[in-house]
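Chain by chain, the residues run as shown.
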Amino acid sequence: MTDPKTKIVQAQIGADPAHGSVPPPLYLSSTYLWPSPSEKGIYDYGRTNNPNRDGLAETLAELDGGAGAVVTSSGMSALDLTLNLIQADDLVIAPHDCYGGTHRLLTHRAEQGRIRVEFIDQSDEKALQAALAKSPALVMIESPSNPLMRVVDVKAICAAVKAAGAISVVDNTFLSPLRLRPFDLGADIAVQSTTKYINGHSDIIGGCVVAKSEDHAEKLAWWANCTGVTASAFDCHQTLRGLRTLALRLDAAEANATAIAKFLDTQSQVKTVYSPALPSHPQYKIIQAQQSGPGAMLSFEIEGGLDAATQFCEALSIFKLAASLGGVESLICVPETMTHRGMAESARREAGISDGLLRLSVGIEAIDDLLADLTKGFSAVS
Ligand SMILES: *Cc1c(COP(=O)(O)O)cnc(C)c1O
């Protein structure tokens, strides 16, 4: 039973020692009985461990092929947890177009004097080599990027990071372990915002950190208990339930996203389509080598700037106007005024984010309905 699809469906099924419940029961208890004052059971206190959290962690560790995982309260607490692997004043390198919350976290941790941080274009070999020459302790990697779907060569970067003696952390939220395998590409740590594809139903906030080595896994678990960033039992129960259908959801969403990318590419009102599904993607070769599918995120620039983008969104009924991604339902957002509003306008322009950019998280609805909805959007733009 090695196929990951089978593993995630079967995870914790029929494993209830108390009553033989087929799906795992939910343990909300904060505290557990001690057999005697000098003898602790497997479980003692819910921040430290919980059957639902442990079951999810085990499943996610196995899915990535890591030594262990920590399930946290959010993707951000997962990323922050990784900073406990380094020392005060250590240098962290991150992509200049990383997730906004990651940019804010690293910037403010640096302002506090806890770490030093440098944001670079990781597809620029010279910039990467120059940054690695400064002996960083940890390098964060994200691919594809948000919202422009830029792709970097994860294997090449991880090898360079290893040679520089640093820890590589891949934020694999956009693809999940079913589309990109961080450890096969040489990463030390894989992070997910489980809020997105892993849970897949837009009804929990969560994260996880998977470590390739036993040593990192132990340290991360220790710090997670120490700082209390571990996820609630209910969220873990919910997330494992969502995870079971990840393979089906991804297949369906990806097929829809591919059809939509091709459709957008033919529209006269579209300036550019940014999609890993299109052979015209500038890093298509890397995508084919390192991903087992294009994922279901894409963005496109509409003619007419913010006004056109606004009219387009307001005419849609199936695509809901909301940030976030990875749910079964299709979402649309305007990075200019929504997900990337925290960035300075100049920084947005420098990153290539125009005010007419629209980002889609494509769901699993019937493709004809999605295409009809988008067609309605284009008709509404004057
Ligand atoms: C959403 C997201 C995060 C943050 O996760 P939360 O669960 O919202 O805290 C981090 N990285 C990426 C790439 C994301 O999309």
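Residues numbered from 1 in each chain as written. Predicted model: local features only at pLDDT ≥ 70, side-chain atom pairs only at ≥ 80, totals over all residues. Heavy atoms only, no water.

Moving on to the pairing of strand β12 (residues 357-361). With 5 of 5 residues buried, β12 lies mostly within the body of the structure. Of the two faces of β12, both are covered, the one formed by Leu357, Arg359 and Ser361 as well as the one formed by Leu358 and Leu360. In this structure, strand β9 (residues 297-302) lies alongside β12, joined through 5 bridges in antiparallel fashion. Across the sheet, Ser299 pairs through a bridge with Arg359, a residue of β12. Note that strand β11 (residues 331-333) and β12 share 3 bridges and pair antiparallel. The residue bridging Leu331 from the neighbouring strand is Ser361, located in β12. (Buried < 20%, exposed > 50% of the residue type's maximum accessible area, 1.4 Å probe, protein only. Helix = DSSP H or I, 4+ residues; strand = E, 2+ residues; numbered from the N terminus. Pairing = 2+ DSSP bridges.)

Between helix α2 (residues 51-64) and helix α8 (residues 233-243), whose axes approach to 8 Å, the crossing angle comes to 40°. Considering the angle they form, α2 stands oblique to α8. Classified by chirality, the crossing of α8 by α2 is left-handed. Residues Asn52, Arg53, Leu56, Thr59, Leu60 and Leu63 of α2 form the contact with α8, whose participating residues are Ala233, Cys236, His237, Thr239, Leu240 and Leu243. Across the contact of α2 with α8, the residue classes tally to 7 nonpolar, 4 polar and 1 charged. (Axes fitted to C-alpha atoms, helices over the stretch in contact; angles between N-to-C directions. Parallel < 35°, antiparallel > 145°, perpendicular 65-115°, else oblique. Left-handed = near helix turned anticlockwise from the far one by under 90°. Contact = heavy atoms within 4.5 Å. Nonpolar A, V, L, I, M, F, W, Y, C, P; charged D, E, K, R; others polar.)

This next bit is on the domain arrangement of the protein chain. We note that the domain assignment places domain 1 (4-243) and domain 2 (246-380) within the protein chain. The centre of domain 1, based on its C-alpha atoms, is set 26 Å off from the matching centre of domain 2. Taken together, the contacts link 31 residues of domain 1 with 36 residues of domain 2. Summing both partners gives a buried area of about 2,800 Å² for domain 1 against domain 2, and 59% of it is carried by carbon and sulfur. (Domains from an automatic or database assignment. Buried area = accessible area lost by both parts, 1.4 Å probe.)

Tallied over the entire structure, the rule returns 6 aromatic pairs. On the basis of an interplanar angle of 40° and a centroid distance of 5.7 Å, the ring pair of Tyr32 and Tyr43 is categorised as tilted. Of the two residues, Tyr32 sits in the loop between α1 (4-10) and α2 while Tyr43 sits in the loop between α1 and α2, which places them 11 residues apart along the sequence. Its relative accessible area of 17% is what places Tyr32 among the buried residues. Here the aromatic rings of Phe300 and Phe378 are separated by 6.2 Å at their centres, their planes lie at 50°, and the arrangement is tilted. (Phe/Tyr/Trp six-rings, centres within 6.5 Å; stacked < 30°, edge-to-face > 60°.)

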